[in-house]
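Summary of structural features
What follows is the residue order along each chain.
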Amino acid sequence: MLNNLLPSNVSTFGADIDHVFWLIFWIVGIWFVAAEGVLLYAIIRHRKRAGAQASYLPGNTARQLAWVLIPALVVLCLDLGIDRAGASAWEREKGTPPAGDVLVRITAKQFNWNFTYPGPDGKFGTADDVTSENDLHVPVGKVVRIELQSEDVIHSFFVPEMRLKQDVVPGRTIRGWFEATKTGTYEIACSELCGFGHYSMHGNVIVQTPAEYAGWQRETWPTRTAANDAVKGTGTR
Amino acid sequence: MMEVADSHAQPAGFIRRYVFSTDHKVIAKQYLLLSLTMALIGGFTSYLIRWQLAWPETDIPGWGPIGPDNYNAIITMHGTVMVFFVAMPLLLGAFGNYLIPLMIGANDMAFPRLNMMSFWTLFTASVVLTISMFVPGGPAAAGWTSYAPLSDNPIYTGVTWGQNLWILAVALEFGSFLMGGINFLTTTLNMRAPGMTFSRLPLLVWMETTAAVVFLLSVGPLIGGALMLLMDRTLGTSFFRADGGGDPLLWEHLFWFFGHPEVYVVALPGFGIMLEVMPVFARKPIFGYRPMIWSTIAAGLLSFVVWAHHMFVSGMDPRLATPFSVTTILISVPFAILVFAMIATVWRGAIVLSTPMLFALGGLATFIIGGVTGIFLGSASTDIFLHGTYFVVAHFHYTLFPVTFFGGFAGLYFWFPKMFGRMMNETLGKIHFFFTFVCFNFVFIPLFLAGLKGNPRRIYETSSYDFLKPVQHIHVIATIAAIGLLIGQLPFIVNFFYSMMRGEKAVANPWQANTLEWTTDSPPPHENFRTMPIVYRDPYEYSVPGAPSDWIPQNEPPEPIYPISAAAD
């Protein structure tokens, strides 16, 4: 039952996130059971009975306070352990991205995801840029670097199965990355309220084998020519 | 001085006595009535939200179908009403106002007229918010957090005056509690009865005052932020608009710099109520009175350096995440001390499971779930996945519901005899507790599971995503439980009004409790005490070995036969 708690993970850094999740799960799970157990025991065991008086325990001596302060000290030590594991998992996903094999600019707008590839010349803003609406094609096992931009309000790019989430903020270009470990189609959800169509702002990450991805590129990407390399209009972004 | 003397005389006319009153007890009851009225709106909106999530796009009984834009407005109103117009008026306005003067042995608040103004400012804010629900363009629909630029420019939502009035209402609410907070702080510092040293203050007074200070120190920037947002909308400025040189993240910083401390502003008084109820019905002193105070202050201070944990994936510099993660998770230490000390307070007691005690223990038991699930969100790594999902929704309902409703009901059942001079019905109270406790858990435990599946919050219908199809039945369970939770409040409403008129007459001290409010009549006379009390003892001297009874009121002069009292202080 427990292994169904989270959706299956299909990204490299997702395994680190899940590791921290289970670490916290077991630590707080034990504390939760212990605290509720003692509380429930006290409520049942120490109900008022005729003739019995409550114990006078003001907790004003070190000896009595140790019952509270030592567990609190244990909590502190466990906190630091969680901090350490969490910091390295965070650093891997959100720190400096590794060198990328594929570059995609993700433009969010009410209520669509647009994915722009730089095309054969590898540069954005030229005539051979390729834009795909709501479907993000990527090869499996390759580092995909993403640049997120918004045309209107704040959106959030969320791929649950990749443990990937990043807000998209107007006026900023936010960089990130991911590497899928398994082919398939994984849904993208917007997870920041962005207006009346927020609930339906979905897309797909289509993770393909390198051969399939190359096939998709052949079908949809233009061939490299001097004209296609020329910068488009005035809109150099 | 004439003015002061005037405000202390019992006014004659109905209006000065019950409407524009300066008596803290009347004002407290006004806050109580206002918060319970607003809770009806807050409760009804939760019904609409839950129904839509379980059975999307069906006719909601008593309302009709709701569309996605209405849905966004309804969730915005639910959050705004519950946090600002139910939790704060109940826990600070009603209990703080009623109990601080009575518990410290004062005849009123330090500034009675300011107190009256605080309430009427809040009343105005409530009216403005209510009006905003009916203006053309619809009510605010950018969430209770009102992130810019969604809230900043009407082209994104179609909401015009609804959002402006929302900002105005919230800013007025802040102003109201600023005035109230100054009053709490001044009263606690200056109006204590002779002998009421800081180490003899009941913990509720500590908690209310700490909450007031935390509020005073955190809300200023957001009042400025609210005005900036209003100017962006009406005067063409662009504080939060990227295309005009502003920054949407500035709003998030201003909001959460207040928003996180705000959680403690609500949580501390809720804890304070539970802490007053537990010793009385366990017949035991508070375990670790001083460590509890230090933990409270530590939690209050830490709450100022954790706000960016709401923004881990917001696009702020990712190097900030780990420092804010560490401070956030560190808060578990003072809260662990508070929770462990509360458990130790009932340990080996002589526990009477009266209605107030059931609510206090139920509040503690459920708050523990809110506390431990906070660790998942405090760690920046797991928050990447969980941020903005139903896990967050379940988590904060497990922190705010226990303090607001379990704490609030514990307080109402406990101090009702003092406030209204009559006892509430215990059987109805226990039925109320049973429904509330069981249904509450059946609403929000399932929602944790939905969150773990990645279900984003503020989603009008889950069926628009394939990966959420397996989650749909969870929403049905949660909705049925939510309807049960709402129906479960009926015994309280009946009990509250019936007991107010027909309940058994209450004696001055029906629970044999020690703090000063129980030494005066139920309800107290206009100036609170017939003779102003003098304090000789700690507030929680229950079951003192060798004492003739298991309780010793704070104003009982010391006698050499109780050896323990010589050690007091």
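Note that the structure is predicted; figures quoted are calculated from it, not measured.

What follows deals with the domain arrangement of chain A. All names here are of chain A. For chain A, the assigned domains are domain 1 (2-46 + 59-94) and domain 2 (102-229). A C-alpha centroid distance of 36 Å is found between domain 1 and domain 2. Taken together, the contact pairs nine residues of domain 1 with twelve residues of domain 2. Residues belonging to the side of domain 1 that touches domain 2 are distributed by class as follows: four nonpolar, five polar and no charged.

Quick look at unusual backbone geometry now. Note that the residue after Gln110(A), namely Phe111(A), is joined by a cis bond; omega there is 0 degrees. Within the secondary structure layout, Phe111(A) lies in the loop between strand 1 (102-109) and strand 2 (112-117). Cis geometry marks the peptide bond from Ala148(B) to Pro149(B); its omega dihedral reads 0 degrees. Among the secondary structure elements, Pro149(B) is positioned in the loop between helix 5 (112-132) and helix 6 (161-190).

What follows concerns the sheet that holds strand 2 of chain A. Residues and elements named next belong to chain A. Spatial strand order, 3-2-1-5-8: five strands in an open sheet with mixed pairing. The open sheet has two edge strands, strand 3 (130-133) and strand 8 (174-179), and neither has a second partner. Averaged over all pairs of adjacent strands, the angle between their axes in this sheet comes to 25 degrees, without regard to strand direction. In this sheet, strand 8 lies alongside strand 5 (residues 143-150) in antiparallel orientation, the contact comprising six bridges. The partner of leucine 148 across the bridge, within strand 8, is isoleucine 174.

Here we take up the environment of Val144(A). Residues and elements named next belong to chain A. Assignment of secondary structure puts valine 144 in strand 5. The spacing of valine 144 and glycine 51 is 93 residues in sequence and 73 Å in space, taken between C-alpha atoms. Non-local contacts of valine 144, meaning those with residues more than four positions away in its chain, are made with Gly100, Val102, Val104, Val138, Trp177, Phe178 and Glu179.

Definitions and cut-offs
Residues numbered from 1 in each chain as written. Chains lettered and ligands numbered in written order. Predicted model: local features only at pLDDT ≥ 70, side-chain atom pairs only at ≥ 80, totals over all residues. Domains from an automatic or database assignment. Contact = placed C-beta atoms within 7 Å. Nonpolar A, V, L, I, M, F, W, Y, C, P; charged D, E, K, R; others polar. Helix = DSSP H or I, 4+ residues; strand = E, 2+ residues; numbered from the N terminus. Pairing = 2+ DSSP bridges. Axes fitted to C-alpha atoms, helices over the stretch in contact; angles between N-to-C directions.

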